[in-house]
There are 2 protein chains.
Amino acid sequence: MSLAQMGTELRCQCIKTESRFIHPRLMQIVDLIPSGPHCSNVEVIATLKSGQRVCLEPTAPWVIRIIKKILESSKPTPGSQL
Amino acid sequence: MSLAQMGTELRCQCIKTESRFIHPRLMQIVDLIPSGPHCSNVEVIATLKSGQRVCLEPTAPWVIRIIKKILESSKPTPGSQL
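This text gives an overview of the structure that appears in the document. (Residues numbered from 1 in each chain as written. Chains lettered and ligands numbered in written order. Predicted model: local features only at pLDDT ≥ 70, side-chain atom pairs only at ≥ 80, totals over all residues. Heavy atoms only, no water.)

### Quick look at the overall build of chain A
Item 1. If you tally the helices and strands in chain A, you get two helices and three strands.
Item 2. What you see in chain A, going N to C, is helices and strands ordered as α-β-β-β-α.
Item 3. Relative to its 82 residues, chain A shows a buried fraction of 51%.
Item 4. Look at the contacts in chain A between residues 6 or more apart in sequence, and 45% of them connect residues 24 or more apart.
Item 5. Just so you have it, chain A exposes about 4400 Å², and 54% of that area is on carbon and sulfur atoms. (Helix = DSSP H or I, 4+ residues; strand = E, 2+ residues; numbered from the N terminus. Buried < 20%, exposed > 50% of the residue type's maximum accessible area, 1.4 Å probe, protein only. Contact = heavy atoms within 4.5 Å. Areas by Shrake-Rupley, 256 points an atom, 1.4 Å probe, with all protein chains shown as cover.)

### A short note on the sheet that holds strand 3 (residues 53-56) of chain A
Item 1. With respect to topology, six strands assemble into an open sheet ordered 3(A)-2(A)-1(A)-1(B)-2(B)-3(B), the strand pairing being antiparallel. Of all the strands in the sheet, just strand 3 of chain A together with strand 3 (53-56) of chain B have a single pairing partner and so form its edges. The average angle at which neighbouring strand axes cross in this sheet is 25 degrees, direction not considered.
Item 2. Relative to strand 2 (residues 43-48) of chain B, strand 1 (residues 27-33) of chain B is paired through six bridges, and the arrangement is antiparallel. Of the residues in strand 2 of chain B, the one forming a bridge with Leu-32 of chain B is Val-44 of chain B.
Item 3. Along the sheet, helix 2 (residues 61-72) of chain A contacts strand 1 (27-33), strand 2 (43-48) and strand 3 of chain A together with strand 1 and strand 2 of chain B; its crossing angle with strand 1 of chain A, the most-contacted strand, is approximately 110 degrees. (Pairing = 2+ DSSP bridges. Axes fitted to C-alpha atoms, helices over the stretch in contact; angles between N-to-C directions.)

### Things to note about the state of the cysteines
All names here are of chain A.
Item 1. Counted by the stated rule, this structure contains four disulfides over all chains.
Item 2. What pairs with Cys-12 in a disulfide is Cys-39, and their sulfur atoms sit 2.1 Å apart. Classification of the bridge connecting Cys-12 and Cys-39 rests on its S-S torsion, roughly 95 degrees, and on that basis the disulfide is right-handed. Of this pair, Cys-12 sits in the loop between helix 1 (2-8) and strand 1 while Cys-39 sits in the loop between strand 1 and strand 2, and the two are 27 residues apart along the sequence.
Item 3. A relative accessible area of 28% means that Cys-12 is categorised as partly exposed.
Item 4. When its relative accessible area of 3% is taken as the criterion, Cys-39 is described as buried.
Item 5. Shown here for chain A is a disulfide pattern of 1-3, 2-4, where each number marks a bonded cysteine counted in sequence order. (Disulfide = S-S within 2.5 Å.)

### Overview of the nonpolar core
Item 1. The biggest cluster of nonpolar side chains holds 34 residues, and the ones touching the most others in it are Ile-67 of chain A together with Ile-67 of chain B.
Item 2. Going through the elements one at a time, strand 1, strand 2, strand 3 and helix 2 of chain A together with strand 1, strand 2, strand 3 and helix 2 (61-72) of chain B are the ones with two or more residues in this core. (Core = buried A, V, L, I, M, F, W, Y, C linked by side-chain atoms within 4.5 Å.)

### Quick notes on the pattern of salt bridges
Residue and element names in this part refer to chain A.
Item 1. All told, the structure shown has four salt bridges over all chains when counted by the stated rule.
Item 2. Here Asp-31 makes a salt bridge to Arg-53, at a shortest N to O gap of 3.7 Å. One end of the pair, Asp-31, is in strand 1; the other, Arg-53, is in strand 3, with 22 residues separating them in the sequence.
Item 3. Judged by its relative accessible area of 0%, Asp-31 is buried.
Item 4. For Arg-53, a relative accessible area of 29% gives the class partly exposed. (Salt bridge = Lys/Arg side-chain N within 4 Å of Asp/Glu carboxyl O.)

### So, the environment of Leu-71 of chain A
Item 1. Structurally, the position occupied by Leu-71 of chain A is in helix 2.
Item 2. By relative accessible area, Leu-71 of chain A is classed as buried at 4%.

### Things to note about helix 2 of chain B
Item 1. Across its 12 residues, helix 2 of chain B extends 16 Å between first and last C-alpha, which sits within 8% of the 16 Å expected from 1.5 Å per residue.
Item 2. Where helix 2 of chain B is concerned, the buried positions are Trp-62, Val-63, Ile-64, Ile-66, Ile-67, Ile-70 and Leu-71 of chain B.
Item 3. On the buried face of helix 2 of chain B, the contacting elements are strand 1, strand 2 and helix 2 of chain A together with strand 1, strand 2 and strand 3 of chain B. (Expected span 1.5 Å × (residues − 1).)

Here you go:
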């Protein structure tokens, strides 16, 4: 399974992060990779609809906003907010 | 690329979501898949260190807390919070 393989890579995935805003509509998947023995950084990798994979800065306000927005767009139970 | 392939699947990935708490330390990757033409639900899929893939409920408070915690554990720039 390639997702698991990706996670078991014994190194960081991101060399640099994209600083320009990317519209969430262009994003197909957003991967959050917690820090761990393989990498001391939290990594956020967006797979765009074009197939391109882009590393995002997990502390950038627009990145946090996009993740929040994705989660908030799923709202069957009111009151569960970030 | 399998991540992109996963995103281009023309259907939802999750049939049911896990309601039991899973410790974030057991998570290798957390995938956020925004809703779209392929699926009207936002999907959150955790790949565990065991390799198991588990669908999480995006509106569950513990799921939101874990995502927040992963992002907050990356803090080079103070003040960027969820």
